[in-house]
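For reference, the chains in residue letters:
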Amino acid sequence: MERLHARYPFLEAARESVATEAVDLATIVEQDGAVVERATQRVRSALEDGEIGDPHRDPRTELLSYPVARVLVSLVDEGILIRKYARAEAEAAHERFTADFEDTVELKSVSSTGLDVEDLLREFDLEDAVRSTADGYRIGVGSYLPLAAGLRDDRWRLVNRALSGGEVPIEEDELHALLREAIRERIEEGLPFEVPDAIATSLEAEAAEIREVLAELDLTREIDTVVPDLFPPCMKALLDDIQKGEHLPHHSRFAITAFLTSIGMSTDEIVELYRVNSSFGEEMTRYQTDHIGGETSPTEYSPPSCATMQSYGDCVNKDDLCERIPHPMAYYEKRLDQTDEDALEDWREGAEESPAGD
């Protein structure tokens, strides 16, 4: 197994290398502790640090840890884990291939452990879509749009690009960012997958460890979608109480406010929700919301875990999904992931829609 494949395990050639070696994954996870340990590190580090950790000194162990890490991600099957893991793998690849590209420019040998830009363009069928120019590159708009879709900065919007002749001008570092997105998408699109029972049983302890880490982490992520019908039952009930003008205990008020903040609602929008309450005080409500959201405090608070919600009596109307998740945010993410994006309608986009869906 080549060092190149251990360095870039997402390559088709790396997958073929594993297949050629006739590696039995069930045997690996049962007998090769080093591979399982490195795989677990990849996933845990992705969650905790946004990276995949230092590579194993043995190329075979490093390469085989990649498919095992994907198995672990599939077993846990949480949207936030899949995204964080794919992003961390792509970031590692980005660091490596930008270094390799520099080595190539400096005429160093990268034949055994590195790539050049043409290799990576061919890997993603982009060799005909990207061409070099005197001041950078140009990429066909049909290839540019899907790769730039996941990049949030306004500079990636097509309206901010000098589109000409069906091509978009990009700089070298922007090409690298688009290649990183191609890698991330390849890693993410295959997850999760069905894991054979024998492999799942062997990795039960490692999957449980990752679930534990996931439950302990602040699960706030870049969600900016408010679909009350997909809320976990506990948050749906609390939102309903607010809309009825009922007085909420402090812990309940904290929980729903932190949840709404975490899914992208602004302080103004949350304050408006509370306005129907007879004891509403705008100044105090705004202060508390800003504090929970991190605007006036050093901490952006995440909603309480399911265990905490249960301890305060706020866990109500549990459904089947509640039995399988550790956190209200994990529930909401799962429901969002299970819903076709075209079917998601943010209540804020409809002037006549109310947060409660009435």
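Keep in mind that what you see is a predicted model, and the values were worked out from it rather than measured. (Residues numbered from 1 in each chain as written. Predicted model: local features only at pLDDT ≥ 70, side-chain atom pairs only at ≥ 80, totals over all residues. Heavy atoms only, no water.)

### Structural notes on unusual backbone geometry
Right, on to step 1. Cis geometry marks the peptide bond from Leu 191 to Pro 192, where omega comes out at -5°.
Right, on to step 2. Within the secondary structure layout, Pro 192 lies in the loop between α9 (172–189) and α10 (197–202).
Right, on to step 3. Although it is not a glycine, Asn 317 sits at a positive phi angle of roughly 55°.
Right, on to step 4. Considering the arrangement of structural elements, one finds Asn 317 in the loop between α16 (306–311) and α17 (328–338).
Right, on to step 5. Under the relative-accessibility criterion, Asn 317 is labelled exposed at 58%. (Helix = DSSP H or I, 4+ residues; strand = E, 2+ residues; numbered from the N terminus. Buried < 20%, exposed > 50% of the residue type's maximum accessible area, 1.4 Å probe, protein only.)

### Remarks on the domain arrangement of the chain
Right, on to step 1. Split by domain assignment, the chain resolves into domain 1 (3–212) and domain 2 (228–349).
Right, on to step 2. For domain 1 versus domain 2, the separation of C-alpha centres amounts to 34 Å.
Right, on to step 3. Between domain 1 and domain 2, the residue contacts involve five residues of the former and seven residues of the latter.
Right, on to step 4. The contact between domain 1 and domain 2 buries some 420 Å² in all, and 25% of this surface belongs to carbon and sulfur atoms.
Right, on to step 5. Between the two partners, domain 1 and domain 2, sit three salt bridges.
Right, on to step 6. Across the pair Glu 333 and Arg 83 runs a salt bridge whose closest N-O atoms are separated by 2.3 Å.
Right, on to step 7. Between the two partners, domain 1 and domain 2, sit four residue pairs in polar contact (both at pLDDT 80 or more). (Domains from an automatic or database assignment. Contact = heavy atoms within 4.5 Å. Buried area = accessible area lost by both parts, 1.4 Å probe. Salt bridge = Lys/Arg side-chain N within 4 Å of Asp/Glu carboxyl O. Polar contact = N/O pair within 3.5 Å; in protein donor to acceptor, adjacent residues only side chain to side chain.)

### Some details on helix α14 (residues 267–274)
Right, on to step 1. Of the positions making up α14, those classed as buried are Thr 267, Ile 270, Val 271, Leu 273 and Tyr 274. Looking straight down α14, one finds that the buried residues subtend no more than 155° of arc, so they occupy a single side.
Right, on to step 2. Looking at the buried residues of α14, the elements they touch are α12 (233–243), α13 (250–262) and α15 (282–292). (Arc of directions from axis to C-beta.)

### Section: the sheet that holds strand β2 (residues 136–140)
Right, on to step 1. Strand order across the open sheet formed by three strands is β1-β2-β3, with antiparallel pairing between neighbours. The open sheet has two edge strands with one neighbour each: β1 (130–133) and β3 (167–170). Within this sheet the neighbouring strands show an average axis-to-axis angle of 25°, counted without direction.
Right, on to step 2. Across four bridges, the pairing between β2 and β3 is antiparallel. Across the sheet, Gly 140 pairs through a bridge with Glu 167, a residue of β3.
Right, on to step 3. Where helix α8 (residues 141–148) meets the sheet, its contacts fall on β2 and β3, and the angle it forms with β2 comes to roughly 95°.
Right, on to step 4. Sheet contacts for α9: β1, β2 and β3; angle to β3, the most-contacted strand, approximately 115°. (Pairing = 2+ DSSP bridges. Axes fitted to C-alpha atoms, helices over the stretch in contact; angles between N-to-C directions.)

### Brief notes about the nonpolar core
Right, on to step 1. One finds Phe 10, Tyr 85, Leu 178, Leu 179 and Leu 203 to be the most contacted residues of the largest nonpolar core, which totals 70 residues.
Right, on to step 2. Not counting the four nearest positions on each side in its chain, Leu 178 is found in contact with Ile 139, Tyr 144, Leu 147, Ala 148, Leu 151, Trp 156 and Ile 170.
Right, on to step 3. Membership of the second largest hydrophobic core comes to 25 residues, among which are Ile 223, Met 235, Ala 255 and Leu 273. (Core = buried A, V, L, I, M, F, W, Y, C linked by side-chain atoms within 4.5 Å.)

### Structural notes on the packing of aromatic side chains
Right, on to step 1. Per the counting criterion, the structure on display carries seven aromatic pairs.
Right, on to step 2. Centroid distance Phe 97 to Phe 101: 5.2 Å. Interplanar angle 35°. Geometry classified as tilted. One end of the pair, Phe 97, and the other, Phe 101, are both in helix α6 (residues 79–105), four residues apart, so they sit about a helical turn from each other. Residues Phe 97 and Phe 101 agree in their burial class; the two are buried.
Right, on to step 3. On the numbers, 5.3 Å between centres and 80° between planes, the contact of Phe 231 with Tyr 332 is edge-to-face. With Phe 231 in the loop between α11 (204–216) and α12 and Tyr 332 in helix α17, this pair connects stretches of sequence that are 101 residues apart. Note on accessibility: Phe 231 and Tyr 332 belong to one class, buried.
Right, on to step 4. In this structure an aromatic cluster arises from ring pairing among Tyr 8, Phe 10 and Phe 124.
Right, on to step 5. The positively charged end of Arg 161 is found above the aromatic ring belonging to Trp 156, 5.3 Å away from the centroid. (Phe/Tyr/Trp six-rings, centres within 6.5 Å; stacked < 30°, edge-to-face > 60°. Lys NZ or Arg CZ within 6 Å of the ring centre and 35° of its normal.)

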